[in-house]
Each structure stands twice: as C-alpha cells, then as structure tokens.
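Each chain, letter by letter, is given below.
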Amino acid sequence: MEETAALAVPIFAFLFPILMSPVIMAAGRRSAQLRNALALATTAAVFLAVVSLYPIMMRGEIIQFTLFEILPQLEISIRVDLLSFSLAALASFVWLLCTIYSIDYMAREHAGSRYYPVLIFTLGSCQGIFMAGDFFTLFIFFELMSLIAYILVIHEETPQALKAGYKYLIMTIIGGLALFFGIIITFELAGTVSLAAGPLVRETSLLAFLAFISFLIGFGMKAGIFPLHVWLPDAHPVAPSPASALLSGIMLKTGAYGLLRMIFHVFTIDVIRAGGWDKVMGVIAVITILLGSAVALTQDDIKRRLAYSSIGQMGYILLGMSVLNEKALIGDVFHIFSHAFMKSALFLAAGAIIWKTGKRLVSEMAGIGREMPFTVGCFSVAALAMIGVPPLNGFLSKWTLGLGALESGQPFYVFVLLVSSLLNALYYLPIIVPAFFGGLEHEHGSGFNIREATPRMVAPIVILALSTLLFGLLPTNIPFDLAQLTATFLLRGGP
Amino acid sequence: MFTAAAEAAVPAEQLLHSALPLMVIVLPMLAAILLYLPGENWEKPRKALSLAVCGLTLLGSALLLPGALAGTVEQQLIGFMQLGLYFRVDLTGWIFGALIATVWFLAVLFSLTYMDYEHNRRRFFSFLIFTLGATLGVVFAGDFFTLFLFFELMTFSSFILVIHEQNRQAMQAGALYLYLGVAGGLALLFAVLLVYASAGTVVMGPLLGHLGGQRTLIYILFLVGFGIKAGLVPLHIWLPQAHPVAPSPASALLSGIMIKAGAYGILRVTLLLYFPAGHGSPADWSYIARLGAVLFWIGMVTMFSGALMALLQTNAKRILAYSSVSQIGYIAAGLGAAAYMGLEGGMGFAGSLYHIINHAFFKAGLFMMVGAVYMLTRELELPRLGGMARKMPLVAITFLIAACGIAGIPGFNGYASKTLLHDALLELHAHYGYFSLYLAERIFVVTSALTICYFIKLFRGLFLGPLPDRLNRTCRLSLTANAALSSFALIIIGIGLFPNLLLEKLILPAAARFGFEGQAMDHLAHFNFFEHHPLEAMLVVVLLAAALYLPGAYRGWFNWTPPQWLSIHALLYRPLTNLLMSAVCRGGSLVDLAVGRLYDRSGSVARLWCRYIGDFDGVLDRFYEHTGKAARGLADRSCSMDRALDQAYSKTGLLARLLADRTSDLDHALDEAYGKTGQAARRLVDRTSDLDHALDEAYVKAGDSARKLVDRTAELDHALDEAYVKAGDSARRLAGKSSTWDQHPEPPGAATAKRSWNPAQWNIKNLNFDNLLLAAVLGVILFVVFYYGRR
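Points about the overall build of chain A
- Within chain A, the secondary structure is distributed over 20 helices and two strands.
- A globule of 495 residues ought to have a C-alpha radius of gyration of about 23 Å, and chain A, at 21 Å, matches this closely.
- Burial analysis of chain A (495 residues in total) assigns 63% to the buried set.
- Summarising the internal contacts of chain A: among those between residues at least 6 apart in sequence, 80% fall at separations of at least 24.

Section: the overall build of chain B
- In terms of helices and strands, chain B carries 26 helices and three strands.
- For 791 residues, the compact-globule formula gives about 28 Å, and the C-alpha radius of gyration of chain B, at 72 Å, lies well above that figure.
- Across its three principal axes, chain B shows a C-alpha extent of roughly 225 × 80 × 65 Å.
- Taken over 791 residues, chain B has a buried fraction of 45%.
- The contacts of chain B with a sequence gap of at least 6 include a subset with a gap of at least 24, amounting to 80%.

Structural notes on the pairing of strand β3 (residues 85–89) of chain B
- Of all the five residues making up β3(B), five are buried; the element is thus mostly covered by neighbouring parts of the structure.
- Every second residue of β3(B) is oriented toward a common face, with B:Leu85, B:Phe87 and B:Val89 on one face and B:Tyr86 and B:Arg88 on the other, all of them buried.

Quick look at the packing of helix α2 (residues 20–36) of chain B against helix α6 (residues 121–140) of chain B
Residues and elements named next belong to chain B.
- Here α2 crosses α6 at 165 degrees, and the two axes come no closer than 8 Å. When the interaxial angle is binned, α2 and α6 end up roughly antiparallel. Where α2 crosses over α6, the two elements pack in a sense that is left-handed. Taking contact as the criterion, the partners of Pro21, Val24, Ile25, Val26, Pro28, Met29, Ala31, Ala32, Leu35 and Tyr36 in α2 are, on α6, Arg122, Phe125, Ser126, Phe127, Ile129, Phe130, Leu132, Gly133, Leu136, Gly137 and Phe140.
- Of the residues assigned to the contact of α2 with α6, the class counts are 17 nonpolar, three polar and one charged.

With respect to the interface of chain A and chain B
- Counting residues at the interface gives 37 residues for chain A, matched by 36 residues for chain B.
- Every element with two or more residues in the side of chain A that touches chain B is listed here: α12 (277–298), α17 (393–407) and α18 (411–437) of chain A.
- Among the elements that take part in the side of chain A that touches chain B, α18(A) stands out by supplying 11 residues, more than any other.
- Across the side of chain A that touches chain B, the residue classes break down as 26 nonpolar, nine polar and two charged.

Side note on the packing of helix α2 (residues 32–51) of chain A against helix α5 (residues 112–131) of chain A
Residues and elements named next belong to chain A.
- As a packed pair, α2 and α5 sit with axes 10 Å apart at the nearest point and diverge in direction by 10 degrees. In terms of orientation, α2 lies roughly parallel with respect to α5. Taking contact as the criterion, the partners of Ala32, Arg35, Ala39, Thr42, Thr43 and Val46 in α2 are, on α5, Gly112, Ser113, Tyr116, Leu119, Ile120, Leu123 and Gln127.
- A breakdown of the residues in the contact of α2 with α5 according to their chemical character gives seven nonpolar, five polar and one charged.

Focus: the confidence of the model for chain B
Residue and element names in this part refer to chain B.
- For chain B, per-residue confidence averages 86 on the pLDDT scale, and residues scoring 70 or more make up 94% of the total.
- The low-confidence segment residues 1–12, where pLDDT is below 50, has 18 contacts with residues more than four positions distant or belonging to other chains.
- With pTM at 0.81, the complex prediction returns an ipTM value of 0.88.

Quick word on helix α23 (residues 532–555) of chain B
Residues and elements named next belong to chain B.
- Taking 1.5 Å per residue as the helical rise, α23 with its 24 residues ought to reach 34 Å, and the 34 Å between its terminal C-alpha atoms agrees with that figure.
- Those residues of α23 that sit buried are Pro534, Met538, Val541, Ala545 and Tyr549.
- If you follow the buried residues of α23, they end up packed against α18 (413–432) and α19 (435–463).
- Backbone geometry just downstream of α23 places Gly556 in the positive-phi region, at approximately 75 degrees.

Examining the sheet that holds strand β2 (residues 71–77) of chain B
Residues and elements named next belong to chain B.
- The mixed open sheet is built from three strands, whose spatial order is β1-β2-β3. Looking at strand neighbours, the two that pair on one side only are β1 (14–17) and β3, the edges of this open sheet. Direction aside, the axes of adjacent strands within the sheet are offset by 25 degrees on average.
- Pairing analysis gives five bridges linking β2 to β3, with the strands arranged antiparallel. Paired with Leu77 across the strands is Leu85, a residue of β3.

Section: the environment of B:Gly93
Residue and element names in this part refer to chain B.
- Here Gly93 lies in helix α5 (residues 91–114).
- Note: C-alpha distance between Gly93 and Ala141 (48 residues apart in sequence) is 8.4 Å.
- Residues within four places of Gly93 in sequence aside, it is in contact with Val139 and Phe140.

Brief notes about unusual backbone geometry
- Cis peptide bonds are those with omega within 30 degrees of zero, and the linkage from A:Phe226 to A:Pro227 qualifies with -5 degrees.
- Along the chain, A:Pro390 connects to A:Pro391 via a cis peptide bond; the corresponding omega equals 5 degrees.
- As for its placement among the helices and strands, A:Pro391 is situated in the loop between α16 (373–387) and α17.
- For B:Gln166, which is not glycine, the phi torsion reads 60 degrees and is therefore positive.

A closer look at helix α3 (residues 43–63) of chain B
All names here are of chain B.
- Look at α3: 30 Å from first C-alpha to last across 21 residues, which is about the 30 Å you get at 1.5 Å a residue.
- Buried within α3 we find Arg46, Lys47, Ser50, Val53, Cys54, Thr57, Leu58 and Ser61. Taken down its axis, α3 places every buried residue within 130 degrees of arc, on the same side. Away from its buried face by more than 90 degrees, α3 exposes Lys44, Pro45, Ala48, Ala52 and Leu59.
- Buried residues belonging to α3 abut α2, α5 and α6.

Conventions adopted
- Residues numbered from 1 in each chain as written.
- Chains lettered and ligands numbered in written order.
- Predicted model: local features only at pLDDT ≥ 70, side-chain atom pairs only at ≥ 80, totals over all residues.
- Helix = DSSP H or I, 4+ residues; strand = E, 2+ residues; numbered from the N terminus.
- Rg over C-alpha atoms; globule rule 2.2 N^0.38 Å.
- Buried ≥ 20, exposed ≤ 12 C-beta atoms within 10 Å, placed from the backbone.
- Contact = placed C-beta atoms within 7 Å.
- Axes fitted to C-alpha atoms, helices over the stretch in contact; angles between N-to-C directions.
- Parallel < 35°, antiparallel > 145°, perpendicular 65-115°, else oblique.
- Left-handed = near helix turned anticlockwise from the far one by under 90°.
- Nonpolar A, V, L, I, M, F, W, Y, C, P; charged D, E, K, R; others polar.
- pLDDT = per-residue confidence, 0-100.
- Expected span 1.5 Å × (residues − 1).
- Pairing = 2+ DSSP bridges.
- Arc of directions from axis to C-beta.

Below, the structure is given as structure tokens:
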C-alpha cells in the first residue's frame, strides 16, 4: 500500500502542476481570486506530496521505476533518492512561499493570467528535473523548464526585459544543445543514460572529456558559472521579484544538481580526478567566485547586485564539487539549501522594497529600514548569512566547505572563500547599514514611520530569513542532516 | 565534537559541569530581546531591567569563582550549529568575565543618566546588554569555534553602539569599524579552520605539535584577527575614530573591555595554543620565543606611537582612544615578553593580566568622566573647554584619581601593573642581554612619561583654566552617575593600596595554570611593590614627564597637528584600500565586460559568418535563378517545338483525315462498285443456280435413268447369278461324283473348300488368293525342281 503510494508521489509532483497550469489559465479568465487560490493549492499540494516522502527517504530507500520506453535503453523513468528529495523538497518549499508572495505582488502587475500558469508549469518541470531517473528525462524537463522560464523573464515586456530574455533564450539553447551532446556521447560510451546504472563512464578518454565539457557547459550555463554567466545578471533582475527569487534561489540549483549527477552518475570521483577535471572546475569556480563578488560591488541596482552575488555563490558550490571529499560535499549540498533560503529572502525583500517605494538603486535606500523594519530586517539577516556570520546558515556552509578544502590540502580555496566573504560584506553592508542608520544627517528620528508591504508579502520573507537562522539553532538541523546523508549517499555510490 | 582533546588540555584539575556559564551568557542576550520589544517610551522598566540583568550577570560570574579557583567549570552544548558550543571557565577566563561584568554594571549604571541626553535609548540599551552576553561568551569559550562565534556577535552588536549618533562622522567610523571587524573575523575564521584541519580539534589547549607547517601562517592570522579588535599598530586605525563617536558609556566599554577581548584572544593563542605542553623540545621553545619577540615589538611600537599620537590630539575622547592604543601596547608587550621568556615568563604574564584589569577600570572610568562633561556641555574639544573643576568637583577628583592610575603613580592601580611590566622588561634584558631590549626598556620609560604628559594636558584642558562663559551653568550629576564614577575611583585606589591582594589571590594562580614556573614566579609570590627599586623607577618616569611637559606646554609642542599625509591612514591604508578596491572592482568589471563583449563579438562574428553564408546563399540563388531561366528557355523552346510538332501533327492529322475522307469516298465508290458487282454476281449466281437447278434436274433424271440401268443390270446380274447357281449345282452334282479330288479338305472353310474344290465353280471369280498362293508356291517348287533337274 505504501509502496504504490510512494510510486505515485513523484509522478504527482511533476505531473500535477503541469496539468494544473491550463486549469489555472482557464480559471484566470473567470476570476483572479480563483486563479490565485488554485496556484496556491497546487504548490501546497506539491510541497506536501514531496515532504510525505521524508520517512521513506530517511530509511535510505530509492524510488525507481520506468514510465515508458521510447527506444530500447532510452526511456522516461523516475528516480527519487536523497539528493532528489532534498532538492525537490527545497524547491517546492520556496515555490510555495514565492507563490504566497506573488499574490499581492502580482496584483499590481499585468498579465497575471499568464504569470501563474507559467509559474506552476515551471514548478512541475523543476520537480521533473529532480525526479528524473535518467539523463534523457532530465534533459527533457531541463529544456522544458528553461524555455518556460523565458516567459517569466520577459514578463515586464519592456525593451530591456525582451533584450535580457533574448540573451537568456540564446544561452539556454546553447546550453541545451551542449547538454544534449553530452548525453549522446554518454549514451554512445555506455549504451544507457540511466541514473540507476551506476557510473556510466569508468575511464578517461577524449570522448569522455568531451562529454564532461559538454555537461559542464550545459549545466554550468544554468548555474551561471564563468564564463557562461552573462545572461544571469540581465535576466534575473528584470523578472518580477518572486520569479527572480525562484530563478536565483532554485532554478540555478538545477544546474548544480545536474553537475552533481554528472560527477556521480556519469563519471566517478576517480575518473574526474584521474582526468584532472576537478582542477578545471576549481579554476572556473575561483574565477566565478571572485568575479561575481567583485562585480556585485560595482552594481547600484539592488537586484543586479543580488544577481551577481548569486554568481559568486554558485562558484562556492562548484568549488565544493572540485574538492570532492565528504566535507566539501556536505558543504556543497548544504550551501544549495543555504543559498536558496538566503537569496530567495533577499530577492523577495528587495522586491518588497521596490514594490512599496519604487526604489531600485542602493544609493536611494538610505533610511528605508525605518520604514520597512521587518522587510529590511529580514534582508539584513539574509545578507549577514551571506557574509557568513555565525550562527546563520551561511557560516555553516562556508565552514564545512572550508574544512573540506583544507582536508584535501587546498588552503588557497579557503582564502578565496574568505576574500569573497569580505567582498560580500563590502557589498551587502552598504545596503543594510544606511538602510537602518543612514539618511538622517540632521534629524534624530527615533520613531519608526512604518510603511510595510502587505502581510502576505512579508510573511514569506520572514519565514525564509528565519530559516537561515533557526535551522542552525535547533538541535537537529534538517537541511544539514539531509546534506550529510546525501553526501555519504553519493560517496557510497548508491544504496 | 571537540570533546576528545578537552580532557588532555586540563589535566589533574577539578572539572565542574555547570550550566552557569551558559546562563550568564544567554541571560543578557534574551534580556536584550526583551528590552527591544516594548515601545520607545518605557523608560523606567527598561532601566530597571538593564541594571537588574547586569547585576544578575555580575552575581552569576561571582558564583563561578569557586569552580574557577578549584579547576574549570565546563558546559557543553552538543549539536548547536552542528559543531557544538563548548564553554570552559578557568581562572583567567573568570578574571576576564568578572571584570567584564563589573565594568558593564558600572557602565550601565552611568548610562541611566547619560542616556537621558541621547536619542534611541531602546536600541542602545538593548544592544548594550546584548554585547555584554557576547563579550562574556568570548572569554568563557572553551574552544576557538565558540570564541569566534561570540567574537563576531560582539563585533556586530557593538557596531550599533558605535554608530549610535548616526551622523556622518559616526557612520564613517562605524563603517571602518565594521569592515575591519569583518576582515578580522574572517582572518580568525581562516585560522580556526586551519587549526581544525591540522589538529582535528579547536579546543583551547596546547596544540603546537599538531599544527604542522602552517603554524606561522595560523599565528599571523590569529594575530591579525585579534589584533584588529585589540587595536595593535598598524591595525588600530578604526579605534581612534570609533571609540570617540560612540556614546560615552559605550566608548568606555569599547575601550575598557572590548579591546581586551582581542587581548584575551592573543593571550590564549600565544600562551596556551602555542605554548609547548609540559616541557617541550628546545625547538618549540625557540619558536615560541620568536613569536613572543614579534608580539613584544609590536606591543612596543603600539605603546609608543599610541602615546605619541595621544599627546597630539585635542579632542578629549580621541586622547583617551589613543591612550587605549598605547595601553594595549603595554599589554601586548607584556604577553610578548612572557612568550619570549618561555616558562620563566610569569612576570610578563602577570603584568599583562594585571594591566588588563587595571586598564579596564581606569579607562572605562575616564571615558565616563569625560562623558559626564560631554553630557552637560556637548563639547569634547579641549580648547573650548576648561574650568570644569569648579562646576563638577566630584568628576574632577575621580578623573584625577583615574589619571593617576593610568599614569602609574604609586598608590593607584596602574602603578602595580606597570611595575610588573617594567620588571618583566628588565628580566628580559637580563636574560637575553640584547641592546634592543635595553632600548625597549627605555622606550617603556619614555612612553610612561608621555602618558603622564597627555593626562596633564587632558586634565588641564578639561578641568583647569578659565571657564568659558557659554558653559557657565549649573551642572548636577545624578546620584547613579556619581555612584558609578566614585566606584571606579574607589576600585582604583583600592587596588593601588593593596596591590598584592589581587596578585596573590588571582593572578598568580592563573599564571601557575599556564605552567609558568621558576624564578619569576618565586619573585612574584613575594613581590613588594613599595620597596625603593620600583618607586625609584617611577620617580624617573615622573621626572622625565615633567622635563618633557613643561617645555612642551610652554612652546606649544603638543598643539602641533601632524599633517594629514603623515597619518597611517594616508600613508598606508587609503592607498592600499583604494588600490585593492579599484583593482577588485575594475578588474572584476573589466573581466565581466570583456566576457560580455566576447559574447557580443561572437554574436557579431556569427552574424558576419551568417552574412557570408547569406551571400553564398545569394550566389547559389542566382545560380539557381540562372539555371532556372535557362531551363525555362529550354522549356520554352521545347514547348514551342512541341507546339510546332503539335501543329505539324494537327496538319498531318488534317491531311490524314482528308486522305481518310478520300479513302472513304473511294471506299464508298468501291463499295458501290462492289455492290454493283455483287448484284451482277448475284444475278450471275442466280443464273448459275438456275443452271444448277437445271443441271440438278438433269442429273436427277440422269440418276433415275442410271438407276433404272443399274436395276436392269442387277436384274441381269441376278439372272446371271441364278444361271451360275444353277450351273454350280449342276457342277456340284458333277463334283460329288468325282470326290477323289477332295484330298486335302480344309476344315475351317468347308464350304470354300467345297467350293474351291469344286472345279466346276472354278472361274475367274472363284479363283481366290489362296489358290493363287498355292499355285504360286507350286510354280516355285516346279521352277526349283526344273532348275536343279537340269543339271
């Protein structure tokens, strides 16, 4: 009984939103409230469904089955293991919060009836990526998500948005093609692309390296690593803020997820090390980290600054992958969680500020913390987490990553992490500090002239900001435990 | 997580497990939240709660004393942040903790009055109390991770105190404080990570043997991390800016207590982490001696330059801030000397620890006394102040006491610690005998003299001289403020008069815990502060100070403002930060732009290629067009040819039809001709048929006549037959008579035989073949017979 239920959950998780999106679209014609309610119900249902897998996952089981076969060895299949579960749960959680946030945020925007179905559809395809049982299925959902997300990027339909969207589209297609190429090479080398088949390529060869590079381009494009990041700082800021939060918080992670799958299911750590490919990733990661952080310093548009910060943070994740020991992997997976919480909170808070005051530029934001104490307070908590102030979760991921790097004798990586933290401080603190304490050259305004955004917008921000703090304070840090289990699971190479 | 090495770190001492350290830390933190929640106007409950929390914290710290004296008090929180928190209060930690709680209590007591003149009181008290918890966490931490955590919390919460004024100056100073704090925190984090990676634990204990090749790097990182907080030259730049802009009680705590958190860290790292366990190898001792030398000289430079800079300031709080830099130099030099001397370094350690205690009291007191003046006058610039002694006699007296303390006048607390530090320097010189160490001792004396000079300057500027008219109004301090200031004065005098009490009860046991031993410790155990030797040294200092101050004040040396370009800020930091920042920003942007442009260019190159391909396509197109045209021409031609053919065909068709018509005509004609011939033929046929009929009839008639002829012949035949039969019968009768002839009758044809052998019937008709054959055979036989008979 439980087993069949468990089989149904993954299908439900990605199929239900996809099926619901036309329904929501139809409902949007009737009434906006019905549409919003349906969108919310869908995300909530997906979240609950995914979370219901928790006991099964904790037992270390893997759900795996084939839906149907297209060609021999080429099939649409489902596989849910700890990594899939962690990311799927994270994605649906953040999605739920962003949908709640959207209700008020999008009330002022146009084309809500286009926005919600697309948002829900993207959720479905995102879940599909995480629950795909082979690279071919993964590729299908990956492309689906990327292409549908284009509509979110160009939502504003300004020339700027269209330009950014064009860039996004081109890069996405290049990435998709590279990914496809990589999958084909893998198929050629191994005869199958199933995740369940264990490491598909067991020795280095030119073709294998080509596959590696193709995967790196394909997934790295989505993850925004140097030098494939160019679309990111354009595309993320122009999207509506809840969509930016999802783009930066979750959809970037699909790239990281793909890279993890590549490392552990296409290749093995030994192959990666033997080929020296971890060095390739390490160099790219270091450049990505430093570049993202450095350029973020020069941005005045708050959302652009956050987008560049995302690039730097994705560099951390890639760095963990290049180190590839247990600690680094724990840090890696945990940083995926941390960054999702932090960056979503930051984007949502920035969105609330823009929504309420219309101010986009950091230089205009002096004193804004006194008007919107909760929003900016949460922004500050998330930003401090970014800098790596204990006991926030950003510190823990940095600590674990740093330990991993040191264990493999790479103090330079730790230095890079810390320099980037300092740069994080240099571009986040000038937002926070004037927001609370600036803009009062002559008056000593002690009272708070509060003009917060609506509760439905503030609540998700608060929840996300608290998740950066509370998980660290609670005796059992669920994301960290999951990260630990996932890392050992991946390193053991399956159950 | 870090329990493994905990037991090894503190051998053979009593371990007490108690939640008290945690409670002492958490209570202020929770209270801080409680303080922030109610509205801005809840003045009385806020003050009461703040004071109560500080009192309780002080009480809690005091309750830790028995445990700390007996051994260590431990508390572990496994699972917090996945790394676990570990608190361990030993005697040194307790001394710091008690010091913090005491000074904090007095500062809060003073704030009750002081903050009435300030805005944002809710925020101030809340963060002030929170910082208390964080600072206690730093000194009660049992491992470096816990220490780091609270260190960061302290940095961030005290930042709020620094920028309390929120004017431009405060924001700038705050930014510097914050960024350097974060940078220091990151250096610290790097160091802690490296310790953990190489030793597998971050519990505070002797780990020198485990640190491996990175130990120098780790030490430098620790020194940077803690040195920033402590204000060691050249990392002190934030301090003279940040301390003066904070509200006075906060400055008092920043200068009196929080920089000691940095000193505490340096103490723990140098004298615990890097101190060889037990009796280490000579190599280890020489290594720690070198580290000690580095720290010692940093301390000396800090000490001297701080004092010099203090002398040149005109802002009262800036003088005190630079004075703090200078005093932290004393402390660092003492710690350096302790490490320099190895196990014999008890004197330096005791001097440092003692000076930490003393400095906390007099510097916090001084800041509050200046704060009391500021509170009522809103003025800090010395040239615009003066004569306050008449307005605030109590403040003037307590200030004088505290100044005597810091100047090291016998009978006040600074004398005790400075004497110990001076002795440590003398011992160092005696032990190593380097000239540089002799010089160091001289620098120490000069610095102490300078200290006296700037305090004379400060005291004169504040309290003596004419009272500006502007400030001529009643100045009354509240009871609590007076109580706080008086407490400081009493503590200073108390320690000054009974210096051995603290030394013997607390500092010596603490030093013994660190493993110091030998001559220095013996000396310390029976130290007499009031014998002629240290008094003489102090007299030299005072005389030197007089010799410096009198001409200096007369000539106005101390009003000289060093040019801006000479400051360390302009010389080192600004160019460095500008360079780094521009390198980072410009470098990053350049790379990013370059990549972006690369993509754009690749786009345009691709477009160019596309154009080429387009051109090629055009060519192809034209080619196709041409061939098309040619083909069409061909097709046209063939079409016209076709048409011609068509026409030809149709013409031939026509002709053929004509021909056919003709033929058909001909045919008709022929037909007719045939018809006619037919008719003619029919007629001919008819005629022939008639003829035929006639012939037929003629034949029939001829037939009939023939039949009749035949009949007649038959009848004739018959008649002949009958005639033959009659003739036969008559012949048979004749034959019967002559039957001898019938010799060979043939049975099958009796009748025939009868007939054949009826010679009467023999005629031509009856002569049949048999007979003929017989005759022939007979003839042959005859012939043969005849033929052969002739011979």
